[in-house]
Amino acid sequence: MRRYVIAGNWKMNMTPAKAQALINEMKPLVAGKDNCDIVLCVPAIDIPAAIEAAKGSNIKIGAENVHFKASGAYTGEISAEMLVEAGVEYVVIGHSERRQYFGETDQTVNLRTLAALNAGLKAIVCVGETLEQRELGYTETLLKFQTKMALTNVTAEQMKNVIIAYEPVWAIGTGVTATADQADEGNGYVRAAVAEMFGADIAAQTTVQYGGSMNDKNAAELLSKENVDGGLIGGASLKSAAFSAIVDAAQ
Ligand code: 13P
């Protein structure tokens, strides 16, 4: 009913030459693993090299951010049209690192999501609570709010191109993974928010990933959960063996 998506988020790692080498290493390891979509979201400067390296394989290339305006005086930013012309198919939006370090808000996440979808990109929209918010008991409220804010003015038709990644901030890059039950619960809150906005059918068809210290050891258990339809993977996506093992777990 809904498609598994295993996506790497390289963050600020890998030069173009290293990107090419890593993708060439990964290609044979993930070849024919067609039970999920396989995506690598890479730094903007790596995009041409990554697309060249991935040509003819089942690896799709994504960006890590997109600006919400079509063009203009926004020094340092990259538009959806630029990404599309470069051959990018996916884009990560609203990652907690962008919210934390670069002033990303629920409103700019929404605008970026709309810009990506209107350009025909697939948006991987990230939501997630901090440890403090979890301990205060706000996880459900927060996840539903972030999800609804991000998807404001998105059409039912466009939801086909929306993937949501539940990434608890306390689990990112910390080695502390959410338990499979916590991941399932968080993803369930996200799906419930989608259902409240778009109805049960669209919610049932929307891919909701888990992200946060997912690796080759814990992926199978996380992915076995009803509401976990894939992963958004940081550290482990920088190693061909670990990433391809996660792809295997999704088969
Ligand atoms: P890690 O897998 O390194 O914890 O990062 C998760 C993440 O932030 C993916 O977007």
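Residues numbered from 1 in each chain as written. Predicted model: local features only at pLDDT ≥ 70, side-chain atom pairs only at ≥ 80, totals over all residues. Heavy atoms only, no water.

## Side note on the pairing of strand β7 (residues 207-211)
A large share of β7 lies buried, amounting to five of its five residues. Of the two faces of β7, the one carrying Thr207, Gln209 and Gly211 and the one carrying Val208 and Tyr210 are both buried. Across four bridges, the pairing between strand β6 (residues 162-166) and β7 is parallel. Looking at the pairing, Ala165 lines up with Gln209 of β7. (Buried < 20%, exposed > 50% of the residue type's maximum accessible area, 1.4 Å probe, protein only. Helix = DSSP H or I, 4+ residues; strand = E, 2+ residues; numbered from the N terminus. Pairing = 2+ DSSP bridges.)

## Quick notes on the packing of aromatic side chains
Evaluation of the coordinates by the stated rule reveals two aromatic pairs. Here Tyr101 and Phe102 contribute two aromatic rings whose centre-to-centre distance is 6.4 Å and whose plane-to-plane angle is 85 degrees, an arrangement assigned as edge-to-face. Residue Tyr101 is classed as exposed on the basis of its relative accessible area of 54%. By relative accessible area, Phe102 is classed as exposed at 53%. Consider the rings of Tyr166 and Tyr210, whose centres lie 6.3 Å apart with planes at 65 degrees: the pair is edge-to-face. Here the residue Tyr166 occupies a position in strand β6, and Tyr210 occupies one in strand β7, the gap between them amounting to 44 residues. (Phe/Tyr/Trp six-rings, centres within 6.5 Å; stacked < 30°, edge-to-face > 60°.)

## Structural notes on the site of the ligand
Residues in contact with the ligand, as listed here, are Asn9, Lys11, His95, Glu167, Ala171, Ile172, Gly173, Gly212, Ser213, Leu232, Gly234 and Gly235. Separating an oxygen atom of the ligand from a backbone N or O atom of Gly235 is a distance of 2.8 Å. In isolation the ligand has 300 Å² of accessible area, and contact with the protein removes 94% of it. Of the residues assigned to the shell around the ligand, the class counts are three nonpolar, seven polar and two charged. (Near = heavy atom within 4 Å. Polar contact = N/O pair within 3.5 Å; in protein donor to acceptor, adjacent residues only side chain to side chain. Areas by Shrake-Rupley, 256 points an atom, 1.4 Å probe, with all protein chains shown as cover. Nonpolar A, V, L, I, M, F, W, Y, C, P; charged D, E, K, R; others polar.)

## Considerations on the nonpolar core
Ranked by internal contacts, the top residues of the largest apolar core, which has 66 residues, are Ile6, Ile23, Leu40, Ile59, Ile61 and Tyr210. Here this core gets six residues from one element, more than from any other, and that element is helix α8 (residues 180-198). If sequence neighbours within four positions are ignored, Ile23 has contacts with Trp10, Leu40, Ala50, Ala53, Ala54, Ile59 and Ile61. The next biggest cluster of nonpolar side chains, apart from the first, holds eleven residues, and it includes Val5, Val92, Cys126 and Ile163. (Core = buried A, V, L, I, M, F, W, Y, C linked by side-chain atoms within 4.5 Å. Contact = heavy atoms within 4.5 Å.)

## A few points about the pairing of strand β2 (residues 36-41)
Burial of β2 is extensive: six of the six residues sit out of reach of the surface. Because side chains alternate across β2, one face comprises the buried residues Cys36, Ile38 and Leu40, and the other comprises Asp37, Val39 and Cys41, equally buried. Relative to β2, strand β1 (residues 4-9) runs parallel, the two sharing six bridges. Note on β2: the bridge partner recorded for Asn9 is Cys41. In this fold, β1 hands off to helix α1 (residues 16-30), which returns the chain to β2; that crossover is right-handed. The sheet contact formed by β2 and strand β3 (residues 59-63) spans four bridges and is parallel. Each bridged residue has a counterpart across the sheet, and for Cys41 the counterpart in β3 is Gly62. (Right-handed = clockwise from strand over helix to strand, strands pointing away.)

## Digging into helix α5 (residues 106-118)
Given a rise of 1.5 Å per residue, 13 residues ought to cover 18 Å, and the 18 Å separating the end C-alpha atoms of α5 matches this to within 8%. With respect to burial, α5 is a largely interior element, ten of its 13 residues being buried. Buried within α5 we find Asp106, Thr108, Val109, Asn110, Arg112, Thr113, Leu114, Ala115, Ala116 and Leu117. The inward-facing, buried residues of α5 contact α3 (80-86), β4 (90-93), α4 (96-101), β5 (122-127), α7 (139-150) and β6. (Expected span 1.5 Å × (residues − 1).)

## Observations concerning the packing of α1 against helix α11 (residues 240-249)
Remark: α1 packs on α11, axes separated minimally by 9 Å, with the N-to-C direction vectors making an angle of 35 degrees. α1 and α11 meet at a crossing whose hand is right-handed. Across from Leu22, Glu25, Met26, Leu29 and Val30 in α1, the residues of α11 making contact are Ser240, Ala241, Phe243, Ser244 and Val247. Looking at the contact of α1 with α11 residue by residue, the classes come out as seven nonpolar, two polar and one charged. (Axes fitted to C-alpha atoms, helices over the stretch in contact; angles between N-to-C directions. Left-handed = near helix turned anticlockwise from the far one by under 90°.)

## What to know about the side chain of Gln209
The topology assignment puts Gln209 in strand β7. Within polar-contact distance, the side chain of Gln209 engages the backbone oxygen of Val5 at 2.9 Å. A polar atom in the side chain of Gln209 sits 3.1 Å from the backbone oxygen of Gly231. Excluding anything up to four places from it in sequence, Gln209 contacts Val5, Ile6, Ala7, Ile124, Ile163, Ile164, Ala165, Tyr166, Asn187, Gly230, Gly231 and Leu232.

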